[in-house]
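Listed below are the residues making up each chain.
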Amino acid sequence: MQTGHAAAPCAGLHMYEQINTIAGCAQPVRCRVRLHARIAPRFAHHPPNPLKPANDTLLRALLRQPTEYTPLWLMRQAGRYLPEYNATRKRAGSFLGLAKSPAYATEVTLQPIDRYPLDAAILFSDILTVPDAMGLGLYFADGEGPKFERPIRTEEDVAKLAAPDPELSLTYVLDGVREIRKALKGRIPLIGFSGSPFTLACYMVEGGGSDDFRKIKTMLYARPDLLHRILAVNARAVADYLNAQILAGAQAVMIFDTWGGSLADGAYQAFSLEYMRQVVSQLRREHDGVRIPSIVFTKGGGLWLEQIADTGCDAVGLDWTVNLGQARARIGSRCALQGNLDPMTLFGGDAAIRLEAARVLDTFGSPRRADGTWDGHVFNLGHGISQFTPPEAVTTLVDAVHSHSRRQRG
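Residues numbered from 1 in each chain as written. Predicted model: local features only at pLDDT ≥ 70, side-chain atom pairs only at ≥ 80, totals over all residues. Heavy atoms only, no water.

**Student:** Break down the overall build of the protein chain for me, citing the residues and quoting the values.
**Tutor:** Secondary structure summary: the protein chain contains 18 helices and 11 strands in total. Counting the 410 residues in the protein chain, one finds 59% classified as buried. Of the contacts formed within the protein chain by residues at least 6 apart in sequence, a portion of 74% connects residues at least 24 apart. (Helix = DSSP H or I, 4+ residues; strand = E, 2+ residues; numbered from the N terminus. Buried < 20%, exposed > 50% of the residue type's maximum accessible area, 1.4 Å probe, protein only. Contact = heavy atoms within 4.5 Å.)

**Student:** Pulling in residues and values, what's your account of the packing of helix H12 (residues 214-222) against helix H13 (residues 224-248)?
**Tutor:** Helix packing for two helices is described by the angle between their axes and how far apart those axes are. For the pair H12 and H13, the least separation of the axes is 5 Å and the interaxial angle reads 115 degrees. Relative to H13, H12 is oriented roughly perpendicular. Listed contacts from H13 to Ile216, Met219, Leu220, Tyr221 and Ala222 of H12 are Pro224, Leu226, Leu227 and Ile230. Of the residues in the contact of H12 with H13, the class split is 9 nonpolar, no polar and no charged. (Axes fitted to C-alpha atoms, helices over the stretch in contact; angles between N-to-C directions. Parallel < 35°, antiparallel > 145°, perpendicular 65-115°, else oblique. Nonpolar A, V, L, I, M, F, W, Y, C, P; charged D, E, K, R; others polar.)

**Student:** Hey, could you go over the confidence of the model for the protein chain for me, with residue numbers and the actual values?
**Tutor:** Looking at the protein chain, pLDDT values average 89 and 88% of them are 70 or higher. Taken as a whole, residues 1-49 scores under 50 in pLDDT and shows 106 contacts with residues more than four places along the chain or in a different chain. (pLDDT = per-residue confidence, 0-100.)

**Student:** Talk me through helix H18 (residues 391-408); I want residue IDs and the actual numbers.
**Tutor:** Along its 18 residues, H18 runs 26 Å from first to last C-alpha, staying within 8% of the 26 Å computed at 1.5 Å per residue. Within H18 the residues assigned to the buried category are Pro391, Ala393, Val394, Thr396, Leu397, Val398, Ala400, Val401, His402, His404 and Ser405. If you follow the buried residues of H18, they end up packed against helix H4 (83-92), helix H6 (102-115) and helix H17 (350-364). (Expected span 1.5 Å × (residues − 1).)

**Student:** Hey, could you go over the pairing of strand E3 (residues 145-148) for me, with residue numbers and the actual values?
**Tutor:** Across 4 bridges, the pairing between strand E2 (residues 138-141) and E3 is antiparallel. The partner of Ala141 across the bridge, within E3, is Gly145. (Pairing = 2+ DSSP bridges.)

**Student:** Outline the packing of aromatic side chains, listing residues and values.
**Tutor:** Under the defined criterion, the tally for this structure stands at 6 aromatic pairs. Arranged with centres 5.2 Å apart and planes meeting at 55 degrees, the rings of Phe213 and Trp259 form a pair that is tilted. Placement of the pair is Phe213 in the loop between helix H11 (197-206) and H12 and Trp259 in the loop between strand E5 (252-257) and helix H14 (267-282), with a sequence separation of 46 residues. Ring pairing ties together the aromatic residues Tyr85, Phe95, Phe124 and Phe140, which thus form one cluster. Over the ring of Phe364 we find Arg328; its NZ or CZ atom is 4.4 Å from the centre of that ring. (Phe/Tyr/Trp six-rings, centres within 6.5 Å; stacked < 30°, edge-to-face > 60°. Lys NZ or Arg CZ within 6 Å of the ring centre and 35° of its normal.)

**Student:** Report on the sheet that holds strand E10 (residues 336-338), specifying residues and quantitative values.
**Tutor:** Spatial ordering of the open sheet is given by E1-E4-E5-E8-E9-E10-E11, a layout of 7 strands whose pairing is parallel. Edge positions in the sheet fall to strand E1 (121-122) and strand E11 (377-378), since each of these pairs with one other strand and no more. Sheet topology places strand E9 (residues 315-317) next to E10; 3 bridges connect them, and they run parallel. Note on E10: the bridge partner recorded for Gly317 is Gln338. Here H14 sits on the sheet in contact with E5 and strand E8 (294-298), set at roughly 165 degrees to E5.

**Student:** How would you summarise the side chain of Thr258 if you had to cite specific residues and measurements?
**Tutor:** Inspection of the secondary structure assignment puts Thr258 in the loop between E5 and H14. The buried category is assigned to Thr258, whose relative accessible area is 14%. Ignoring sequence-local partners within four residues, the contact set of Thr258 consists of Thr199, Lys299 and His383.

**Student:** Report on the nonpolar core, specifying residues and quantitative values.
**Tutor:** In this structure, Trp73, Phe124, Ile230, Met254, Val316, Phe379 and Leu397 are the most contacted members of the largest nonpolar core, which totals 129 residues. Take this core: its biggest share by element is 15 residues, from H13. Look past the residues within four positions of Met254 in its chain and what remains in contact with it is Trp73, Met75, Ile191, Gly192, Phe193, Ser194, Leu242, Ile295, Phe297 and Gln338. (Core = buried A, V, L, I, M, F, W, Y, C linked by side-chain atoms within 4.5 Å.)

**Student:** Account for the pattern of salt bridges, naming residues and giving values.
**Tutor:** What the rule picks out here adds up to 23 salt bridges. Across the salt bridge formed by Arg91 and Glu107, the nearest N and O atoms sit 2.3 Å from each other. Here Glu107 lies in helix H6 and Arg91 lies in helix H4, a separation of 16 residues in the sequence. Exposure remark for Glu107: the relative accessible area of 30% places this residue in the partly exposed category. Within the structure, one salt-bridge network assembled from shared partners comprises Lys52, Asp56, Arg60 and Glu68. (Salt bridge = Lys/Arg side-chain N within 4 Å of Asp/Glu carboxyl O.)

**Student:** Help me get a handle on H11, residues and values and all.
**Tutor:** Along H11, 10 of the 10 residues are buried, which leaves the element largely enclosed by surrounding structure. Downstream of H11 by one or two residues, Gly207 has phi in the positive range, about 85 degrees.

**Student:** So, the side chain of Thr70: which residues are in play, and what are the values?
**Tutor:** Within the element layout of this structure, Thr70 appears in the loop between helix H3 (57-62) and H4. A polar contact is formed between the side chain of Thr70 and the side chain of Arg409, at a distance of 3.4 Å. Discounting residues that sit within four places of it in the chain, Thr70 has contacts with Asp119, Leu361, His377, Val378, Phe379, Val401, His402, Ser405 and Arg409. (Polar contact = N/O pair within 3.5 Å; in protein donor to acceptor, adjacent residues only side chain to side chain.)

**Student:** Go over unusual backbone geometry with me, naming the residues and quoting the values.
**Tutor:** Cis peptide bonds are those with omega within 30 degrees of zero, and the linkage from Gly339 to Asn340 qualifies with -5 degrees. Here Asn340 lies in the loop between E10 and H17. One non-glycine residue with positive phi stands out, namely Phe213, at about 55 degrees. Taking relative accessible area as the criterion, Phe213 reaches 8% and is therefore assigned buried. In the Ramachandran plot, Asp288 falls in the positive-phi region, its phi being about 55 degrees despite a non-glycine side chain. Tracing the backbone through its elements, the reader meets Asp288 in the loop between strand E6 (286-287) and strand E7 (290-291).

Below is the structure:
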């Protein structure tokens, strides 16, 4: 880990990039031109497989194009519920040893793909790689989850904060993307991801997870200017990070706004939604002539679906508290929907899994409209799969979703 907070966050940045970021510039044009100039040449020597996946059902659903069935992937699909994952993690020695090794990350990313006929792979990584690259010193305490050695609490801390160059500070992630694309051999698409600017800020200010978000909400109400400066840096960092993943080979990207739903109405729009909008507006919409869909997911964000759709994303993720049919009526003509089975359903046994999977699909309805146009639905859980989930439950779920959605289409 970095040993000093003062200089580490600025590693890999040109001087004017540091100055513009510290000044609170959300979208410094000169910095962005230089950064993309640095990212692009490396990937020019390592071009991803330009061919579309043999199974591109997920990409078509995200773009609201016709599909033969409803595609499915699961949040945390490469995780502790799989015995093969636990074996690999043991060999890696730690979670960070796993996440920071392109070889291990490739291995665990493919484990659920080799076990189940899922319709997408998602990069195995962690949302906190970005603040770790800023020099905050990520570590995992036994039984306590992720923590930072140097949280952002003071005006001086904020002034030192700068967006990292992903090509210099997050090379292991980008190498992992390339290796995973190669290992997939064009079977299914690869999803890249990042935490949202606000969700990253929660961990950065709290110093780890939190039950009440007291520290960041104190900053929000007492010094909103400081929080806005953190979020501006984070928005730039997230956009650069996702664009670097796209250049490395990610074929869709997702923003996880895990803690945006903890905000009050009004605060959500100002401190979470606005910065996700900035990120989406800076994303590469195409790469090598192919559209790159984007997904935005705010856990607890059912109140704000129309405003999330206004960010310009291609799909909106839903947690299990949202009625999927009502969400489709609200925004289905503007973007695809992703979700939203309660993860605990997977503990109910085969009959319950099939019943609830069919209920989710029927609530959305046939994606084909009466006028012949299509709405998009990607089946997923309403949040991450539990580490205690029986692996055979996922086998049942995948079969239930694929078979029932084919019958829906007649």
